[in-house]
Structures are given as C-alpha cells and as structure tokens.
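Residue-level structural notes
Each chain is listed here by its residues.
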Amino acid sequence: GGSCVQQPWSIGGSGSTYIYGYCDAQYKEKMTREECIQFVKNALALAMARDGSSGGVIRLVIIDKDGVTREYVPGNKLPMFWQQ
C-alpha cells in the first residue's frame, strides 16, 4: 500500500523531526525565490544543529524556469540562531 498526498512542503531525513514546528510556522504561500532559499537554509541549519548524524555544510540545488543553480554553504557560513 501507499498513498500520494498533495501538500505544500515535505521534509525527510534524520534531522527532519527537529524542524516540523519551524516549517509549519515559517512556510508561506508565494514566497519569492530568495525567501524560499533562505527558508530552506534556515530549516537545514536548524536540523543540522540538533542532529548528530547531519553533515556540517549545505549543498543546495535550485531548480526553476531558468535551469539549475547549485549553491554551497560552508559550516562557518550557516545561519545561526543563538550565540556560541
């Protein structure tokens, strides 16, 4: 069995359980391209901060009408939500 359900966003992976609240609170319809990118970076950084199995960098692929763009965010450039 299985199902196919249409939903506005989907997450998975070992860190995903840590960010459902963030995604529920921060996702909004009709975000700009830049808002979408920042939403994803923030979500990944939050998940990585809590999950010991997640990597230390973000490798982001943006697919849009203009093609494919790859973006790399090293660990020292990840979004921060607290002071270290």
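Refer to the preceding data block for the structure.
So, here is what we can say about the structure in this document. Quantities reported herein were computed from a predicted structural model and do not represent experimental measurements.

So, on to the packing of aromatic side chains. Taken as a whole, this structure holds three aromatic pairs when the rule is applied. Between Tyr-22 and Phe-39, the aromatic rings sit 5.8 Å apart at their centres with planes inclined by 20 degrees, giving stacked as the arrangement. Placement of Tyr-22 in helix α1 (residues 20-26) and of Phe-39 in helix α2 (residues 33-50) is noted, with a sequence separation of 17 residues between them. A relative accessible area of 12% means that Phe-39 is categorised as buried. Seen in terms of ring centroids, Tyr-27 and Phe-39 are 6.1 Å apart; in terms of plane orientation they differ by 65 degrees. Their pairing is edge-to-face.

A cluster of nonpolar side chains, namely Val-61, Ile-63 and Val-68, defines an oily patch on the protein surface of about 300 Å² accessible area. Here Val-68 is to be found in strand β2 (residues 67-73). On the basis of relative accessibility, which here comes to 54%, the residue Val-68 falls in the exposed class.

Take the layout of surface pockets next. By volume, the largest pocket is sized at about 440 Å³. Of all the secondary-structure elements, those providing two or more residues to the lining of the largest pocket are α2 and β1 (58-64). If you tally residues by element for the lining of the largest pocket, the top one is α2, at nine residues. Looking at the lining of the largest pocket residue by residue, the class counts come to 18 nonpolar, seven polar and two charged.

Rules behind the numbers
- Each chain has its residues counted from 1, following the order in which its sequence is written.
- Where totals are concerned, whole chains, interfaces and linings use all residues; where local detail is concerned, this predicted model gives features only for residues with pLDDT of at least 70, and gives and counts side-chain atom pairs only at 80 or more.
- Based on all heavy atoms of the structure, the side-chain values leave hydrogens and waters out of the count.
- Pairing of aromatic rings covers Phe, Tyr and Trp, the last through its six-membered ring, and needs centres within 6.5 Å; plane angles under 30 degrees mean stacked, over 60 mean edge-to-face, and all others mean tilted.
- Think of it this way: any DSSP run of H or I at least four residues long counts as a helix, any run of E at least two long counts as a strand, and we number them from the N terminus.
- Between buried and exposed lies partly exposed: a residue is buried under 20% and exposed over 50% of the maximum accessible area for its type, with that area taken using a 1.4 Å probe on protein chains only.
- Think of a patch as exposed residues, more than 30% relative accessible area, with no salt bridge, where like charges cluster within 9 Å and nonpolar side chains (Val, Leu, Ile, Met, Phe, Trp, Tyr) cluster within 5 Å.
- Computed with a 1.4 Å probe, the accessible areas rest on the Shrake-Rupley method; for each residue, only the protein chains presented here act as cover.
- Salt bridge, as applied in this entry: a Lys or Arg side-chain nitrogen positioned within 4 Å of an Asp or Glu carboxyl oxygen.
- Cavity: a set of points on a 1 Å grid over the protein atoms alone where a 1.4 Å probe fits but cannot get out. Pocket: an open set with protein on both sides within 12 Å along at least five of seven lines, its lining residues, like those of a cavity, having an atom within 4 Å of a point.
- Grid points are joined across faces, edges and corners, and a volume is the space filled by probe spheres set on the points.
- Residue polarity follows a fixed list, in which Ala, Val, Leu, Ile, Met, Phe, Trp, Tyr, Cys and Pro are nonpolar, Asp, Glu, Lys and Arg are charged, and the others, Gly among them, are polar.

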